[in-house]
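Inside the fold
Chain by chain, the residues:
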Amino acid sequence: MTRWRGLSGVFATLLLLPSPAPAGEFCAALEAFIAQAEPFADATQCATALGETGPSPYCFWRYELRAPEAQRAFDMLLSQIQTCVGAKGPAADQDVNHPDTYTAHLFQTDQANLSLSLKDKSSLGETLIFLRASPRAE
């Protein structure tokens with residue numbers, strides 16, 4: 001597993017203030033996340049999983065079920081990623097672990113495929129935001 005440190009100020013700004021973190025700061029933080037150098041420290045949990053194309057860092061944030069702040073955080077994160085890597089990708093139809101509702105967007109960079117998803121899980125009483133970076137297949 002990769003050691004997770006840093007980026008708390010950037011993500012705290014992203015989630016807690018009415019305006020997003022400056023684009024340059026967030027894009028640098030996203031690049032560090034993709035490179036598995038730095039996670040988003042304000043996430044509930046971050047780790048690295050072994051995917052089909054290699055090590056894939058991921059982070060998730062946990063909220064109360066259908067909490068308005070979860071949707072706001074997801075929308076802001078989606079907007080920031082779009083600023084860094086271009087227009088949002090299509091909603092994804094991926095295998096998921098039985099959420100009640102599921103929204104996902106895919107993005108491609110030169111280094112990785114990014115997946116950002118919002119999942120409501122009433123059985124857990126939680127709404128989760130997941131951000132995952134998978135290395136691009138060569």
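Residues numbered from 1 in each chain as written. Predicted model: local features only at pLDDT ≥ 70, side-chain atom pairs only at ≥ 80, totals over all residues. Heavy atoms only, no water.

1. A short note on the overall build of the protein chain
Assigned secondary structure in the protein chain consists of three helices and five strands. Helices (α) and strands (β) of the protein chain occur, in sequence order from the N terminus, as α-α-β-β-α-β-β-β. Within the span of the protein chain, comprising 138 residues, buried residues form 42% of the whole. Restricting to contacts in the protein chain with at least 6 residues of sequence separation, those with at least 24 account for 52%. (Helix = DSSP H or I, 4+ residues; strand = E, 2+ residues; numbered from the N terminus. Buried < 20%, exposed > 50% of the residue type's maximum accessible area, 1.4 Å probe, protein only. Contact = heavy atoms within 4.5 Å.)

2. Section: the state of the cysteines
Under the defined criterion, the tally for this structure stands at two disulfides. In this model Cys-27 forms its disulfide with Cys-84; the gap between the sulfur atoms is 2.1 Å. Across the disulfide from Cys-27 to Cys-84, rotation about the S-S bond amounts to roughly -95°, and the bridge is consequently left-handed. Here Cys-27, found in helix H2 (residues 23-34), pairs with Cys-84, found in helix H3 (residues 68-85); they are 57 residues apart in sequence, far enough to count as distant. Judged by its relative accessible area of 17%, Cys-27 is buried. (Disulfide = S-S within 2.5 Å.)

3. Observations concerning the sheet that holds strand E4 (residues 112-121)
Judged by pairing direction, the sheet is antiparallel, and its five strands sit side by side in the order E1-E2-E5-E4-E3 without closing on themselves. Whereas interior strands pair on both sides, the edge strands pair on one side only; in this sheet they are strand E1 (45-51) and strand E3 (101-108). Averaged over all pairs of adjacent strands, the angle between strand axes in this sheet comes to 20°, irrespective of strand direction. Sitting on the sheet, H2 touches strand E2 (54-64), E4 and strand E5 (126-135), and the angle it makes with E5 is about 70°. Packed onto the sheet, H3 meets E2, E3, E4 and E5 and runs at close to 170° relative to E4. (Pairing = 2+ DSSP bridges. Axes fitted to C-alpha atoms, helices over the stretch in contact; angles between N-to-C directions.)

4. A word on the environment of Thr-127
The topology assignment puts Thr-127 in strand E5. Not counting residues within four places of it along the chain, the set of residues in contact with Thr-127 comprises Trp-61, Arg-62, Tyr-63, Glu-64, Leu-65, Arg-66, Ala-67, Ala-70, Leu-118, Lys-119 and Asp-120. Polar contacts involving the side chain of Thr-127 include one to the main-chain amide nitrogen of Arg-66, which spans 2.6 Å. (Polar contact = N/O pair within 3.5 Å; in protein donor to acceptor, adjacent residues only side chain to side chain.)

5. Side note on the nonpolar core
By size, the foremost hydrophobic cluster in this structure holds 26 residues, and its most contacted members are Leu-30, Phe-40, Trp-61, Ile-81 and Ile-129. Secondary-structure elements contributing two or more residues to this core are H2, E2, H3, E4 and E5. Every residue in contact with Ile-81, bar those within four places of it in the chain, is listed here: Phe-26, Leu-30, Gly-86, Phe-107, Leu-114, Leu-116 and Leu-131. (Core = buried A, V, L, I, M, F, W, Y, C linked by side-chain atoms within 4.5 Å.)

6. Digging into unusual backbone geometry
Backbone geometry at Gln-36 places phi at a positive 65°, although glycine is not the residue there. Of note, Gln-36 is situated in the loop between H2 and E1. Of note in this structure, Arg-66 is not a glycine but carries a positive phi near 55°. Looking at the secondary structure, you find Arg-66 in the loop between E2 and H3.

None of this, on its own, says anything about what the molecule does.
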